[in-house]
Protein chains: 2
Amino acid sequence: MKSALLVIDMQNGFLSPRSPLFIAGAPATVPACARVIERCRDSGVLVVFVTRAYAADGSDVEKPRRAAFLAGGRPLSPGCDEEISAAMPKEFGASEKDMHIVKPRYSAFFNTGLDTRLKELGVGHVILAGTTTPNCIRTSCYDAISLDYDVTVLSDCTSSVNEEIQRSNLADMERAGARIMASAELVLD
Amino acid sequence: MKSALLVIDMQNGFLSPRSPLFIAGAPATVPACARVIERCRDSGVLVVFVTRAYAADGSDVEKPRRAAFLAGGRPLSPGCDEEISAAMPKEFGASEKDMHIVKPRYSAFFNTGLDTRLKELGVGHVILAGTTTPNCIRTSCYDAISLDYDVTVLSDCTSSVNEEIQRSNLADMERAGARIMASAELVLD
């Protein structure tokens, strides 16, 4: 079965302690994400960068986040400080050879063309990396199961604001039918 | 702001210990659900029953659940035992005056017409009751936030296979912006 790696929301606006959307566990996962991205490219597995971008006026920010966005330097929007911008770590070496999807909400599949693109390419298995585990990883996981994909979540390439939240969410996704594993255990065809 | 109560998956197939899809915490929530349904009707708040129904051959069951469905009496499908059927508790008094939505997957909004129906009626706030908290309640919660609804989750009208899962999921949804409260605290206009 053909696989794709989805790298979700690994952007300065979630990785910088100066951002109101900072995820404490995320910076430590950058090296593991970079390694699995490289391994996927070497094995011919499609790498999809799924990212968030907000309008400078905040009109498209999720309602519960809008106040923090406006008060906190308008992360992930045009004109904000580079340190909290939509840019991704240079270690990922993102290029036009990868697929790029900008999503308006939590799930990589919510109001995006991702499902259509993956099905066109014959992808039946998605591998999830990125942040944050309880929000964008988990909603993408449930949508992927709902759309009949097999799902693997990489425990060392996903992150939460603390370890308890990380553990409980990985356990819930495993009960729902996702495979949970460390990236070193991932076997690529 | 106009509200609607979504009562999700409160059906014999999730409420009976004889079903492979049984949720241990769910039967105890039936009385609280029945009370809040009655209060909503008395206050003119729309009650929406969102339910699951599977084909007898299991062809539309989520892939991770398919083996348990086939081995466990094919719950929630035509011709299965009444005890594990798609029927709801009589205490709810469901009738044609309520809205009824059959959903194919976890979220009440996934590939259903619910969002369109609620927006046509001017509903801006959804109140979530039913089961199971980590799956169908939580995916509905995140989709509702993504679709710009205000969201309230009723802690005593939702349920999980154990209390730890119930607590961690309510806490995650609160962090994402949902209001969590006991049904007795719910103020209806």
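Anything mentioned here points back to the structure above.
Residues numbered from 1 in each chain as written. Chains lettered and ligands numbered in written order. Predicted model: local features only at pLDDT ≥ 70, side-chain atom pairs only at ≥ 80, totals over all residues.

## Focus: the nonpolar core
Threshold: Each nonpolar core consists of buried Ala, Val, Leu, Ile, Met, Phe, Trp, Tyr and Cys residues. Their C-beta atoms, within 7 Å, join them into a set. Working definition of burial: number of other C-beta atoms within 10 Å of the residue's own, with buried at 20 or more, exposed at 12 or fewer, and partly exposed in between, all C-beta atoms being placed from the backbone. With C-beta atoms placed from the backbone, a contact is any residue pair whose C-beta atoms sit within 7 Å.
A:Leu5, A:Leu6, A:Val7, B:Leu5, B:Leu6 and B:Val7 are the most contacted members of the largest nonpolar core, which has 99 residues in total. Other than its neighbours up to four places away in sequence, B:Leu5 contacts B:Val36, B:Ile37, B:Cys40, B:Val45, B:Val47, B:Val48, B:Ile127 and B:Ala129.

## Examining the relation of the copies chain B and chain A
As a reminder, the rule being used: Copy-to-copy superposition: least squares on the C-alpha atoms, limited to residues that have pLDDT of at least 70 in both copies.
Each copy superposes on the other: chain B lies on chain A with an RMSD of 0.0 Å after a rotation of 180 degrees and an axial shift of 0.0 Å. In short, the pair behaves as if placed about a two-fold rotation axis. When the interface residues of chain B are mapped onto chain A, 100% of them are again interface residues, pointing to one common binding face.

## Quick notes on the interface of chain B and chain A
This is how the line gets drawn: Amino acids outside the nonpolar list (Ala, Val, Leu, Ile, Met, Phe, Trp, Tyr, Cys, Pro) and the charged list (Asp, Glu, Lys, Arg) are all regarded as polar, and Gly is one of them.
Each side of the interface is counted separately: chain B has 18 residues, and chain A has 18 residues. Per-class residue counts for the side of chain B that touches chain A are eight nonpolar, five polar and five charged.

## Description of the sheet that holds strand S3 (residues 99-103) of chain A
Strand pairs in the sheet, formed through backbone hydrogen bonds, run parallel or antiparallel to each other. Residue and element names in this part refer to chain A. Selection criterion: A pair of strands is considered paired only if DSSP assigns at least 2 bridges between the two. Helix and strand assignments come from DSSP, with helices taken as H or I runs of at least 4 residues and strands as E runs of at least 2, each series counted from the N terminus. Working convention: axes come from line fits to C-alpha atoms, limited for helices to the stretch in contact. Angles between N-to-C directions cover 0 to 180 degrees.
Taken together, the six strands give an open sheet; going across it, the order is S3-S2-S1-S4-S5-S6, and neighbouring strands pair in parallel fashion. Strands with a single pairing partner mark the edges of an open sheet, and in this sheet they are S3 and strand S6 (179-181). Looking at each pair of strands side by side, their axes are set apart by 25 degrees on average, direction ignored. As judged from the five bridges shared by strand S1 (residues 2-8) and strand S2 (residues 46-52), these two strands associate in the parallel manner. Bridge pairing in S2 places Val7 opposite Phe49. Relative to the sheet, helix H6 (residues 163-175) contacts strand S5 (150-159) and S6, its axis offset from that of S5 by approximately 170 degrees.

## With respect to the packing of helix H5 (residues 133-146) of chain A against H6(A)
The angle between the axes and the distance between the axes are what describe a pair of packed helices. Residue and element names in this part refer to chain A. Formally: In what follows, roughly perpendicular refers to angles from 65 to 115 degrees, roughly parallel to angles under 35, roughly antiparallel to angles over 145, and oblique to any angle outside these ranges.
Interhelical geometry of H5 versus H6 gives an angle of 10 degrees and a closest axis separation of 10 Å. It follows from the interaxial angle that H5 and H6 lie roughly parallel. Judged by residue contacts, Thr133, Pro134, Arg138 and Cys141 of H5 engage Ile165, Gln166, Asn169, Leu170 and Met173 from H6. In terms of residue class, the contact of H5 with H6 is built from five nonpolar, three polar and one charged.

## So, the sheet that holds strand S3 (residues 99-103) of chain B
Residue and element names in this part refer to chain B. Pairing is parallel across the open sheet formed by six strands, whose spatial order is S3-S2-S1-S4-S5-S6. In the strand order of this sheet, the two ends are held by S3 and strand S6 (179-181), each with one partner. For this sheet the average axis-to-axis angle between neighbouring strands, irrespective of direction, equals 25 degrees. Across six bridges, strand S4 (residues 123-131) lies against strand S5 (residues 150-159) in parallel orientation. Residue pairing for S5: Ile127 is matched across the bridge by Thr152.

## Here's the deal with helix H6 (residues 163-176) of chain B
For the record, the criterion: Under the convention used throughout, the expected extent of a helix is 1.5 Å for every residue step, that is, one less than its residue count.
Along its 14 residues, H6(B) runs 20 Å from first to last C-alpha, staying within 8% of the 20 Å computed at 1.5 Å per residue. Along H6(B), the positions that sit buried rather than exposed are B:Ile165, B:Ser168, B:Asn169, B:Leu170, B:Asp172, B:Met173 and B:Ala176.

Function-wise, these values are silent; they only describe arrangement.
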